[in-house]
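# Remarks on the overall topology
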There are 2 protein chains.
Amino acid sequence: MTNPPPSMPEGMTLALDQAKAAAERGEVPVGAALFDENGILITAVGNRVEQERDPTAHAEMLALRAGAARLGLKRLAGCDLYVTLEPCPMCAAAISLARIRRLYFAAYDPKGGGVEHGPHIFDQPTCHHRPEVYGGIGERAAAALLRKFFRDRR
Amino acid sequence: MTNPPPSMPEGMTLALDQAKAAAERGEVPVGAALFDENGILITAVGNRVEQERDPTAHAEMLALRAGAARLGLKRLAGCDLYVTLEPCPMCAAAISLARIRRLYFAAYDPKGGGVEHGPHIFDQPTCHHRPEVYGGIGERAAAALLRKFFRDRR
């Protein structure tokens, strides 16, 4: 695997680092990084479903929960989230509930994604907040990490 | 508000009790109760978004997380969940990820529900597990509780 290109945004580099650390823990390698409205890092975390034995412990959920706890707010209006994989429907809906301003994700996930695939959570008329969405940022590095993880497991 | 009719399943009675307790804490009154495959209660919890300042702390999410922690499993195959309101898309997707066997919910939620409304999470081709779904169980009591809560807040 090659290093991320120099143009990779810092947020995605941090999220990728968390994805790599997740893989080393035996977790599906997905990482997330949350920034406040001034671009200050709030938290960077990786998937912990296996370690915490928690079906909801996706990287995005952990980032939202830790961010809200850190800021003492139940909503993260103005905050931006970087994640290495297109969020699943659970995470996409949580991102909307948390009022995230901008969502940057790396690899697209046709089988499990909920943003550009499946239920297209943000496009539903009942979705009350839609973040700005930027997909494919750092896609190659994130997808390579996921492919390697699943190849090694077979 | 009248008491639940005698035919109310025990699970929904417990979930309604949790919804009432949530209202007393100033939370949107939604409660959930989780049972194992033998019908033994695992946990009953109410919404804690305000108290925990956590946008993901819906009753269903707390029940799934507490249940998985209690059982030491990352999935709750065979378990049944009772909830007083149609789950939102985040919770519906989490219920699928957790492999819940049967979902019983009380009030329908045309504005925010994700099961029979909005993204119809379980009907998506990318949804990998669909629980059996029973809506409208104890609907009147749950809807009355929600109406009273929002009326008192206006």
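The structure under discussion appears in the preceding block.
These notes cover the structure that comes with them. These numbers come from a predicted model, not from an experiment. (Residues numbered from 1 in each chain as written. Chains lettered and ligands numbered in written order. Predicted model: local features only at pLDDT ≥ 70, side-chain atom pairs only at ≥ 80, totals over all residues. Heavy atoms only, no water.)

## Some words on the pairing of strand S3 (residues 80-85) of chain B
All names here are of chain B. For clarity, the cut-off: Relative accessibility thresholds used throughout: buried, under 20% of the residue-type maximum; exposed, over 50%; partly exposed, between the two (1.4 Å probe, protein chains only). Numbered from the N terminus, helices here are DSSP runs of H or I no shorter than four residues, and strands are runs of E no shorter than two. Strand pairing is defined by DSSP finding a minimum of two bridges between the two strands. With the strands aimed away from the viewer, a crossover counts as right-handed if its path from the first strand over the helix to the second runs clockwise.
When you tally the buried positions in S3, you get six out of six residues, the bulk of the element. Bridge analysis of strand S1 (residues 31-35) against S3 gives four bridges, and the strand direction is antiparallel. Its bridge partner being in S3, phenylalanine 35 is matched across the sheet by aspartate 80. Examined bridge by bridge, S3 and strand S4 (residues 102-107) share five bridges and lie parallel to one another. What sits directly across from aspartate 80, in S4, is arginine 102. Tracing the backbone out of S3, into helix H4 (residues 89-97) and back to the parallel element S4 gives a crossover that is right-handed.

## Considering the sheet that holds strand S2 (residues 41-46) of chain A
Each strand in a sheet pairs with another by means of backbone hydrogen bonds, the pair being arranged parallel or else antiparallel. Residue and element names in this part refer to chain A. Test applied: Here an axis means a line fitted to C-alpha atoms, over the contact stretch when the element is a helix, while the angle between two N-to-C directions is reported on a 0 to 180 degree scale. Residues count as neighbours in contact if any of their non-hydrogen atoms are within 4.5 Å of one another.
Taken in spatial order, the five strands line up as S2-S1-S3-S4-S5 in an open sheet, and their pairing is mixed. Every interior strand has two partners, whereas the edge strands, S2 and strand S5 (132-134), have only one. For this sheet, the mean angle separating the axes of adjacent strands, direction not counted, is 15 degrees. Relative to S5, strand S4 (residues 102-107) is paired through three bridges, and the arrangement is parallel. When the sheet's bridge partners are listed, leucine 103 is paired in S5 with valine 133. Contacts between helix H1 (residues 10-24) and the sheet are confined to strand S1 (31-35), S2, strand S3 (80-85) and S4, with S1 contributing the most and set at about 145 degrees to the helix.

## Observations regarding the environment of His117(A)
Residue and element names in this part refer to chain A. Heads up, the rule is: Any N or O atom pair separated by 3.5 Å or less is treated as a polar contact, with the protein-specific requirement of one donor-capable and one acceptor-capable atom, and with residues adjacent in sequence counted only for side-chain atom pairs.
Inspection of the secondary structure puts histidine 117 in the loop between S4 and S5. Expressed as a C-alpha distance, the spacing of histidine 117 and lysine 74, which sit 43 residues apart in the sequence, is 27 Å. If near-sequence neighbours (up to four positions away) are discounted, histidine 117 is found in contact with Glu86, Tyr108, Asp109 and Pro110. Reaching out from histidine 117, the side chain makes a polar contact with the side chain of glutamate 86 at a distance of 2.8 Å.

Distances and angles like these do not, on their own, reveal function.
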